[in-house]
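Summary of structural features
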Amino acid sequence: MKIERSRELFSKAQKFIPGGVNSPVRAFKAVGGDPLFIKSSKGAYMYDEDDNKYVDLINSWGPMVLGHGNEAIEKAVTEAVKSSLSFGAPTAKEVEIAELITSMVPGIEKVRMVNSGTEATMSAVRLARGFTGRDKMMKFEGCYHGHGDSFLIAAGSGVATMGTPDSPGVTKGTAEDTLTAPFNNLQAVKNLVEKNKDQIAAIILEPVAGNMGCVPPEEGYLQGLRDLCDQEGIVLIFDEVMTGFRLAKGGAQELFGVIPDLTTMGKIIGGGMPVGAYGGKAEIMDYVSPSGPVYQAGTLSGNPIAMSAGLAMLNHLNDHPEVYQQLEDITSYIAAGFQENLDKLGLNYTINQLGSMVSLFFTDQKVTDFATAKTSDTALFGKYFRGMLEHGVYLPPSQFETLFISTAIDKSIADDIIKANYEVLVSLK
Ligand code: PMP
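Here is what the cut-offs are and how they apply
Residue indices begin from 1 for each chain and proceed along its sequence in written order. Local features in this predicted model are restricted to residues of pLDDT 70 or higher, and side-chain atom pairs are both shown and tallied only at a pLDDT of 80 or more, whereas totals for entire chains, interfaces and linings draw on every residue. Hydrogens are left out, water is left out, and the side-chain values use all remaining heavy atoms of the structure. In predicted models, pLDDT denotes the confidence assigned by the predictor to each residue on a 0 to 100 scale. A pair of strands is treated as paired once DSSP finds two or more bridges between them. What counts as a helix is a DSSP run of H or I of at least four residues, what counts as a strand is a run of E of at least two, and both are numbered from the N terminus. A fitted line through C-alpha atoms represents every axis, and for helices the fit uses only the stretch in contact; the resulting angles, taken between N-to-C directions, go from 0 to 180 degrees. UniProt positions are given in the numbering used here, feature names are shortened, and annotations may be inferred rather than shown by experiment. Throughout, a residue-residue contact means that at least one pair of heavy atoms, one from each residue, lies within 4.5 Å. Under this definition, polar contacts are N or O atom pairs within 3.5 Å; protein pairs additionally need one hydrogen-donor-capable and one acceptor-capable atom, and for neighbouring residues in sequence, both atoms have to be side-chain atoms. Stacked, edge-to-face and tilted labels apply to pairs of Phe, Tyr and Trp rings (six-membered ring for Trp) whose centres lie within 6.5 Å, assigned for plane angles under 30 degrees, over 60, and everything in between, in that order. Burial status follows relative accessibility: with a 1.4 Å probe on protein chains alone, a residue under 20% of its type maximum counts as buried, one over 50% as exposed, and anything between as partly exposed. Here, a charge over a ring is recorded when the distance from Lys NZ or Arg CZ to the ring centre is within 6 Å and its angle to the ring normal is within 35 degrees.

**Structural notes on the confidence of the model for the chain**
Confidence in the prediction of the chain, expressed as mean pLDDT, is 96, and 98% of residues score 70 or more. Interface confidence in the predicted complex, given as ipTM, is 0.99; pTM for the same model is 0.97.

**Describing the sheet that holds strand 7 (residues 200-205)**
Pairing is mixed across the open sheet formed by seven strands, whose spatial order is 4-10-9-8-7-5-6. In this open sheet, the two strands that pair with only one neighbour each are strand 4 (110-114) and strand 6 (178-181). Between one strand axis and the next, the sheet turns by 20° as a mean value, whatever way the strands run. The pairing of strand 8 (residues 235-239) with strand 9 (residues 262-265) spans three bridges and is classified as parallel. Bridging from a neighbouring strand, Ile237 pairs with Leu262 of strand 9.

**Comments concerning the UniProt feature "modified residue: N6-(pyridoxal phosphate)lysine" (unreviewed entry) in the chain**
In the numbering adopted here, UniProt assigns the feature "modified residue: N6-(pyridoxal phosphate)lysine" (unreviewed entry) to Lys267. In this structure, Lys267 sits in the loop between strand 9 and strand 10 (276-280). The contacts of Lys267, once residues within four sequence positions are left out, are Trp61, Gly62, Pro63, Val241, Met242, Gly272 and Val275. Of the polar contacts made by the side chain of Lys267, one reaches the backbone oxygen of Trp61; its length is 3.2 Å.

**Focus on the packing of aromatic side chains**
By the definition in use, this model includes 13 aromatic pairs. Ring geometry for Tyr54 versus Tyr394: centroids 5.9 Å apart, planes at 70°, classification edge-to-face. With Tyr54 in strand 3 (residues 53-56) and Tyr394 in strand 13 (residues 393-394), this residue pair connects regions lying 340 residues apart in the sequence. For the pair shown, Tyr54 and Tyr394 are each scored as buried. Arranged with centres 6.3 Å apart and planes meeting at 75°, the rings of Phe140 and Tyr221 form a pair that is edge-to-face. Placement of the pair is Phe140 in strand 5 (residues 136-140) and Tyr221 in helix 8 (residues 221-232), with a sequence separation of 81 residues. Positioned above the aromatic ring of Tyr45, the side-chain terminus of Lys53 is 4.2 Å from the ring centre.

In structure tokens:
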């Protein structure tokens, strides 16, 4: 595989951009090799600057749930551009998307648009603090909620990948206000709540974790958290930045029938444009300025181009609920193909899958939390990643990420992925 142009660009990029990239995992540090500079994409495929073609299993880390170059979304964006790129004033589209989101997501009565998942989670936790008058919040080891200071404690995703569990630059005071518990362990949460009685404003989690690889919640776990939060007056926040509009129209909360007080979203909600949102019970959301005292604002929030892309995406998902079965079927097919390959080769690695999220962990342990995810052989994952690239399959460049499957992946492309998986696993034996 020739990647001269990507190499040149990376070398130049490192002179002007820290680490040569605008978001750490893109540098391929955890998997070795030079990062690929991507030029274009269409449907299930991406093309790099050297014109190599890859099946894309990142899909912009989630947003491209319908694959690349969806016509309705592209049309909505080009139409919107004709009116203006930004006003910084209210628009009809913001009302339309807010109404649509509240109709699709069970736990959302009111919603505020922001520009990223990071902004959504930062704002939701501030709101929970303002609403409860309490300072502390609890998160889970291996869950990632963006790069807000409070969340960079025992975080997953790139933070785990880069091996920087607690970032310099986060003050001691902030770290002290962040409590962390292992995922899928209700007793650990109860113990922390007991120890910090009446001090915890919020518990935030990915209801299906994607940032330590795909780790679904165990039976009764989400409901257990819901009950505990009700008893203790704690605001339960589901961070559905990955799962929102991906696992079901109404996200993980619809799938599991557990309704949080607040929900944070991003990725799919912008159809590929920079968008995030947080929403929830009207009683809590009305604490946000200007109806309430908790301040949060944004010059480009509700940007008309982003709203147009988001509306086209969400309208499509709302009008085509069969998308979710399609995603589930094709992802199960891929997971079953991987399992068959492992069986044939006598390998005992672990596959976790829920809906269109799936991870292959290079460990023989059952993966239920970050500690078990970390038993994976990350060096072996690096070799697997590079082998898959050579076979034209672009995976997330870390063991601690989930694949994101799009509707553009049909059976024949799935067969290509399964075949590549087999050939690479054989080469690693
Ligand atoms: N929450 C979750 C669950 C995420 O997966 C991410 C990003 N991967 C974020 C928050 C942060 O979103 P953004 O990168 O848009 O700031």
